[in-house]
Amino acid sequence: MSLKQPDGSFLVARDSEVDIRGIYCLLCVAYFLNLLTPELIAGTPEFIASIQTYEGGFASASQPFYASSPASPASLLEEPRPPLGEAHGGYTYCALASWVLLKPFIDLQEKKPSINLKSLTRWLVYMQGTKAELGGFKGRTNKLVDACYSWWVAGCFPLLRALGVGVPRHSVDPPEVVAENDGSEGWSDVDDEAQDLFDRIGLQEYLLYAGQHPVGGLRDKPPK
């Protein structure tokens with residue numbers, strides 16, 4: 001509570017900055033320790049909604065939408081200021097995961113804040129690279145693909161399904177079991193575009209062909 005700001009955000013440390021990554025970590029700790037109380041998260045969903053950018057993804061923070069002066073305590077403005085910052089894969093994952101954690105509390109609010117799931121989905125889909133980039137994900141518009149966004153961006157799609165976007169896993173029939181050459185049973189890995197909003201096979205190819213280093217471990221991209 002000592003790190004909480006009037007607009008529902010949190011500092012990452014005392015006398016430090018606001019960052020959605022720190023807010024996500026705080027919410028995870030509070031959830032695991034059963035400290036996710038209405039008092040703690042008051043205004044936090046509204047803050048998260050305020051950092052969604054015009055592209056659909058989320059930035060790290062926005063201009064504080066509260067006014068303060070030495071003569072009076074901080075008070076919220078009637079309307080949030082425009083978000084400052086660029087949509088980024090890591091920030092977007094943290095913001096969306098935080099939103100999912102807060103969803104039960106949001107549903108109880110009389111005046112429910114909202115995020116634009118349509119523009120978010122569109123932005124996430126367009127972060128996947130072309131065939132020439134082997135299906136990897138980039139973290140920002142007009143940047144190169146990077147193996148780390150295989151988690152930060154692709155990890156957002158299960159969160160979207162949790163919010164009702166796309167086809168839920170439980171409604172999809174399990175893939176047909178096929179026999180391997182050695183006679184053992186395995187799962188067919190056929191990619192069905194109707195089931196997923198991104199190319200899973202393309203992402204697998206990026207991780208296996210570009211992400212794997214010949215001596216072991218994973219890398220950003222060749223020749224990193």
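See the structure printed just above.
Bear in mind that the values here come from a model prediction, so they are computed numbers and not experimental data.

## Topic: the packing of aromatic side chains
Part 1: For the structure shown, the criterion picks out 7 aromatic pairs.
Part 2: A connected cluster of aromatic rings, assembled from ring pairs, spans Y24, Y93, W151 and W152.

## Some points on the layout of surface pockets
Part 1: The space that makes up the largest pocket amounts to roughly 340 Å³.
Part 2: What lines the largest pocket is a set of 17 residues, and nearest its centre among them are E46, F65, P80, K111 and P113.
Part 3: Here the lining of the largest pocket takes 3 residues from helix α3 (residues 44-50), the largest share from any one element.
Part 4: Looking at the lining of the largest pocket residue by residue, the classes come out as 7 nonpolar, 4 polar and 6 charged.

## Section: the pattern of salt bridges
Part 1: Under the defined criterion, the tally for this structure stands at 4 salt bridges.
Part 2: Notably, a salt bridge pairs R21 with D19, separated by 2.8 Å at the nearest N-O pair.
Part 3: Of the residues examined, R21 reaches a relative accessible area of 43% and is grouped as partly exposed.
Part 4: Measuring nitrogen to oxygen at the nearest pair gives 2.7 Å for the salt bridge that ties K221 to D220.
Part 5: We classify K221 as buried; its relative accessible area is 16%.

## Some remarks on unusual backbone geometry
Part 1: Geometrically, the link from P222 to P223 is a cis peptide bond, its omega value of 0 degrees lying close to zero.
Part 2: Among the structural elements, P223 can be located in the segment after α8 (200-211).
Part 3: Positive phi is not limited to glycine here, since D15 has a value of about 60 degrees.
Part 4: With relative accessibility at 81%, the residue D15 sits in the exposed group.
Part 5: Phi is positive for N34, which is not a glycine, with a value near 60 degrees.
Part 6: Take N34: it is sitting in the loop between α1 (20-32) and α2 (38-41).
Part 7: Judged by relative accessible area, N34 falls into the exposed class, the value being 69%.

## Structural notes on the side chain of D7
Part 1: Position of D7 relative to the elements: it lies in the segment before α1.
Part 2: Take D7: its relative accessible area is 3%, and that puts it in the buried class.
Part 3: A polar contact is formed between the side chain of D7 and the side chain of S9, at a distance of 2.7 Å.
Part 4: When near neighbours in sequence (up to four residues on either side) are disregarded, D7 contacts G43, F47, P64, F65, Y66 and L76.

## Some points on the nonpolar core
Part 1: Grouped together as the largest cluster of nonpolar side chains are 42 residues, with contacts concentrated most on I20, I48, F58, L96, L124, F137 and L160.
Part 2: Looking at this core, the elements with two or more residues in it are α1, α2, α3, α4 (89-106), α5 (117-126) and α7 (156-162).
Part 3: Here this core takes 9 residues from α4, the largest share from any one element.
Part 4: Leaving out residues up to four positions away in the same chain, L160 has contacts with L96, L117, L120, T121, L124 and V165.

## Points about the environment of V125
Part 1: Tracing the backbone shows V125 in helix α5.
Part 2: When neighbours within four sequence positions are excluded, V125 is seen to be in contact with F157 and L197.

## Topic: the side chain of Q5
Part 1: By secondary structure assignment, the location of Q5 is in the segment before α1.
Part 2: Looking at Q5, its side chain comes within polar contact range of the main-chain oxygen of L3, at 3.3 Å.
Part 3: Leaving out residues up to four positions away in the same chain, Q5 has contacts with L11, V18 and Y66.

Analysis parameters
Residues numbered from 1 in each chain as written. Predicted model: local features only at pLDDT ≥ 70, side-chain atom pairs only at ≥ 80, totals over all residues. Heavy atoms only, no water. Phe/Tyr/Trp six-rings, centres within 6.5 Å; stacked < 30°, edge-to-face > 60°. 1 Å grid on protein atoms, 1.4 Å probe; cavity = no way out; pocket = protein on both sides within 12 Å on 5 of 7 lines; lining within 4 Å. Points joined across faces, edges and corners; volume = space filled by probe spheres on them. Helix = DSSP H or I, 4+ residues; strand = E, 2+ residues; numbered from the N terminus. Nonpolar A, V, L, I, M, F, W, Y, C, P; charged D, E, K, R; others polar. Salt bridge = Lys/Arg side-chain N within 4 Å of Asp/Glu carboxyl O. Buried < 20%, exposed > 50% of the residue type's maximum accessible area, 1.4 Å probe, protein only. Polar contact = N/O pair within 3.5 Å; in protein donor to acceptor, adjacent residues only side chain to side chain. Contact = heavy atoms within 4.5 Å. Core = buried A, V, L, I, M, F, W, Y, C linked by side-chain atoms within 4.5 Å.

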